[in-house]
Amino acid sequence: MLNLLDPLLADLAGAKIDLGPGRYGLVTACDGGLVEVSGLSAPVGALCSLGDRTAEVIGFRNGRTLMMLLGDTVLLRPGAKVRAEGRPGMLPVGEAFLGRAVDGEGKPIDGGAPIHTRHAWPAGGVRSAALDRSPVRQCFDSGVRALNALTTFGIGQRIGIMAGSGVGKSVLIDMIASGAEAEVIVVGLIGERAREVSDFVERHMIGDGRARTCVVAVPADHAPNLRLRGAMLATSLAEHFRAQGRQVLLIMDSLTRVAHAAREIALLLGEPGAARGYPPSALATITKLVERAGNSAVSGGAITGLYTVLADGDNQDDPVVDTARSILDGHVVLSRDLAQRGQYPAIDVAASLSRVMSDIVTPDHATLARQFRSLSASYEANRDLVLMGAYRAGSDPLLDRAIAMHDALTAFLGQPARSVVALDESVAALTALLGDDG
C-alpha cells in the first residue's frame, strides 16, 4: 500500500510552497461559452478553477480576463470566485502516460490510478531552427501493402489520410497502429465518436503493445478548448519521447476536428471567418501542430506523424484539406467510389503521394511503383469506355495491359482489416506482380 503512495509523496516533497497571498477574481459575464472575469490577471493558456470546474484563459479585453470552461456552463453564476492554478502553458508528460488512456487534461479515463509525473512540456512545443530537423532517410513500415509498396513512408515523415466521412480513415489508422514498427505510439482521438474511443482502447491497450502506447481521447461532445488541448497534449507527449531519442508514431484522428475546435474559439473571440468560415488562426493552428513532428538532429529521435483529414462533402479543395496537403510531406486519398465497389483500403493510388519516397527506396522499387500508378490511372480514366464496350483493343497498349491486369492490380490494393503485411513482403509482391511483366 505504501508503494502506491510513493509517487504522490515524491510529488509533494518536490513541490514548492507558495506563501504569497491568495488571489482570485470574480465572474462578471458569461455569453455563449465565453466567461469574463474581473480582478484576476492570468496569462493566456493558464488554467483556473471555478469551484469544481476548470476554465482556460483564451484572451483578455478592456481589463477583463476572457476564459472558456473545459466543460459546460450549466449552474455557473455571476460573482463566482476564480483562482489561477497549475503552470501556465505547460502540459504534463512522462513515462507514466505509457499504457494509459487520458483526457485533454491528462486525467485517466481508463479507470486506473491517477497519473503522477513531475515532467512538463510547453503546450506550444519547443521551437527549433529549420536545420535542426534531419532529413528523412529510412523507410517506415506501416503494415499496409498498398502504402508500403506505392506510397512508401519514411521515419519522421508527416502524412495525411484524406477522405470524406465513412470511407475508412479510422479503420486504416487502426491497421497502421497495429502493424507499424515504432518504440512509442501516441494516439490522439480528437473530436471523434466516444464509441470509437472505447473500441480503440479495447483493441490496442492489451498485450505487449500496451506498454508502448498512450491514448489521448477527447470526444466530439467536449468543449472546443479541451479538444484543442488534447491535440497539444498528444503532440507534447510525442515531443517528450523524441527528445529522449526514441522513434515515435504520432496518430491524430482527426486534424479537421482540431481545426473545428480552433474555429469555434476564434469566432467566439470575434475573429472574422475568412476562408469558407475558417478564421486565419484556425488554419494556422494546423500548421503549428503539424510542424512539431519530424526528425530531431539533436536527440536522434523522430516523430512520424499520421493525421486523418476529413474532407467535408468529399471536397478535396476544402480549406482544411488544402492547408494540410500543402504542409504535409505526403497524403493518402481514400475514394468513396472505390469503397462502394468493395475495395478496402479504398486508396486512390493516382491521387496519393509520398514526397520522400524517391529518397528512401531503391530505383527498381520506384520504377515499379510508377508503372503501377500508370496502369491504375489509365484504367480509371477509361473505365466507362471499357465497361460500355466502346474501347477497341489495340488502340492503346498501356490500356490493353491495364485491362488485362485489372483484377490483379485490384487484388494487390486490397487487404483484410487488422491484417499486417511487412514492408519487405509488400515490395516482393509488387516485384512479383510487375517485375517479370514490365
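First, a word on what this report is: a plain description of the structure on this page. Along each chain, the written sequence defines residue order, and numbers are assigned to residues from 1. Residues qualify for local features only when their pLDDT is at least 70, as the model is predicted, and side-chain atom pairs are given and counted only at 80 or more; totals for whole chains, interfaces and linings, by contrast, use all residues. To obtain the side-chain values, all non-hydrogen atoms of the structure were used and water was disregarded.

## Let's talk about helix α5 (residues 224-243)
For an α-helix, the turn length of 3.6 residues means that residues three or four places apart are oriented alike. A run of H or I in DSSP becomes a helix once it reaches four residues, and a run of E becomes a strand once it reaches two; helices and strands are each numbered from the N terminus. A helix is expected to span 1.5 Å multiplied by its residue count minus one. For α5, spanning 20 residues, the distance from its first C-alpha to its last is 29 Å, which sits close to the expected 28 Å at 1.5 Å a residue. Of all 20 residues making up α5, 19 are buried, and the element is well covered by its neighbours. Remark: G245 follows α5 within two positions and exhibits a positive phi of approximately 90°. Categorising residues by exposure relies on relative accessible area from a 1.4 Å probe, with only protein chains included: less than 20% of the type maximum marks a residue as buried, more than 50% marks it as exposed, and the intermediate range marks it as partly exposed.

## Considerations on the pattern of salt bridges
What counts as a salt bridge is simple: a side-chain nitrogen of Lys or Arg found within 4 Å of a carboxyl oxygen of Asp or Glu. Counted by the stated rule, this structure contains 16 salt bridges. Salt-bridge contacts for R229 lead to E56; the nearest nitrogen and oxygen are separated by 3.3 Å. Here R229, found in helix α5, pairs with E56, found in strand β4 (residues 53-61); they are 173 residues apart in sequence, far enough to count as distant. An identical accessibility class is assigned to R229 and E56; each is buried.

## Digging into the packing of helix α11 (residues 363-381) against helix α13 (residues 397-404)
Note on geometry: axes are lines fitted to C-alpha atoms, helical ones only across the stretch in contact, with angles between N-to-C directions running from 0 to 180 degrees. Relative orientation of the contacting elements α11 and α13 amounts to 90°, with a least axis distance of 9 Å. Between α11 and α13, the crossing angle belongs to the class labelled roughly perpendicular. Each of Q371, S374, L375, S378 and Y379 in α11 lies in contact with α13, whose residues at this interface are L398, L399, R401, A402 and I403. Classification convention: Asp, Glu, Lys, Arg as charged; Ala, Val, Leu, Ile, Met, Phe, Trp, Tyr, Cys, Pro as nonpolar; all other residues, Gly among them, as polar. Of the residues belonging to the contact of α11 with α13, the class tally is six nonpolar, three polar and one charged. When an angle is under 35 degrees it counts as roughly parallel; over 145 it counts as roughly antiparallel; between 65 and 115 it counts as roughly perpendicular; any other value is oblique. Residue contacts are counted whenever heavy atoms from the two residues lie within 4.5 Å of one another.

## Quick notes on unusual backbone geometry
A cis amide bond, omega 10°, links D253 with the succeeding residue S254. Take S254: it is sitting in the loop between β15 (247-253) and α6 (255-268). A cis amide bond links Y344 to the next residue, P345, at an omega of -5°. Residue position: P345 is located in the loop between α9 (336-340) and β19 (353-354). The backbone of N62 sits at a positive phi, close to 55°, despite the residue not being glycine. Along the chain, N62 turns up in the loop between β4 and β5 (64-69). Exposure remark for N62: the relative accessible area of 75% places this residue in the exposed category.

## Some words on helix α8 (residues 319-327)
With seven of its nine residues buried, α8 lies for the most part within the structure. All of the buried residues along α8 are P319, V320, V321, T323, A324, R325 and I327. Looking at the buried side of α8, the elements it contacts are β12 (158-163), α6, α7 (280-290), β17 (302-310) and β18 (330-333). Sitting at the amino-terminal end of α8 is D318, which places a side-chain oxygen 3.1 Å from the backbone nitrogen of V320. Each polar contact in these results corresponds to two N or O atoms within 3.5 Å; when the atoms are within protein, one needs to be able to donate a hydrogen and the other to accept it, and residues that are neighboring in sequence are counted only if both atoms are side-chain atoms.

## Notes on the packing of aromatic side chains
By convention, a stacked pair of Phe, Tyr or Trp rings (six-membered ring in the case of Trp) has centres within 6.5 Å and planes under 30 degrees apart, an edge-to-face pair has planes over 60 apart, and any other such pair is tilted. Here the structure, examined in full by the defined rule, presents one aromatic pair. Between the aromatic rings of F372 and F412, the centroid separation amounts to 5.4 Å while the plane-to-plane angle is 50°, which identifies the pairing as tilted. One end of the pair, F372, is in helix α11; the other, F412, is in helix α14 (residues 406-413), with 40 residues separating them in the sequence. A residue is classified by how much of its surface remains accessible, and F372, at 0% relative accessible area, is buried. Here the basic side chain of K81 rests over the ring of Y24, its NZ or CZ set 4.7 Å away from the ring centre. Counting as a charge over the ring demands two things of the Lys NZ or Arg CZ atom: a distance within 6 Å of the ring centre and an angle within 35 degrees of the ring normal. Across from the ring centre of F412, 5.6 Å away, lies the NZ or CZ of R145, which sits over that ring.

## Considering the packing of α5 against α6
At a minimum axis distance of 8 Å, the contact between α5 and α6 shows a crossing angle of 135°. When the axis of α5 is compared with that of α6, the two are oblique. Of the two elements, α5 crosses α6, and the hand of that crossing is left-handed. Between α5 and α6, the residues in contact are P224, N225, R227, L228 and A231 and R257, V258, A261, E264 and I265, respectively. Looking at side-chain class alone, the contact of α5 with α6 contains six nonpolar, one polar and three charged residues. Left-handed describes a crossing whose near helix is turned anticlockwise from the far helix by less than a right angle; the clockwise case is right-handed.

## Thoughts on the environment of L413
One can find L413 in helix α14. Here L413 falls in the buried class, since its relative accessible area comes to 7%. With 66 residues separating them along the chain, L413 and I347 place their C-alpha atoms 7.5 Å apart.

## Digging into the side chain of T304
The topology assignment puts T304 in strand β17. When neighbours within four sequence positions are excluded, T304 is seen to be in contact with F140, G154, I155, G156, Q157, I159, V248, L249 and L250.

## Quick look at the pairing of β12
Most of β12 is tucked away: six of the six residues are buried. The alternating pattern of β12 places R158, G160 and M162 on one face and I159, I161 and A163 on the opposite face, and all of these are buried. Whether two strands pair depends on DSSP finding at least two bridges between them. Relative to β17, β12 runs parallel, the two sharing six bridges. In the sheet register, I159 faces β17, and the bridge partner there is L306. Relative to β18, β12 is paired through three bridges, and the arrangement is parallel. Bridge pairing in β18 links G160 to H331.

## Here we look at the sheet that holds strand β1 (residues 25-31)
Taken together, six strands build a closed barrel; the order of strands is β1-β2-β5-β4-β3-β6 and the barrel is antiparallel. Taken pair by pair, the neighbouring strands of this sheet meet at an average axis angle of 45°, ignoring direction. Here six bridges tie β4 to β5, and the two strands are oriented antiparallel to one another. Each residue of the ladder has a partner; that of V57, found in β5, is M67. This element, α5, spans β3 (47-50), β4 and β5 of the sheet and lies at about 80° to β5.

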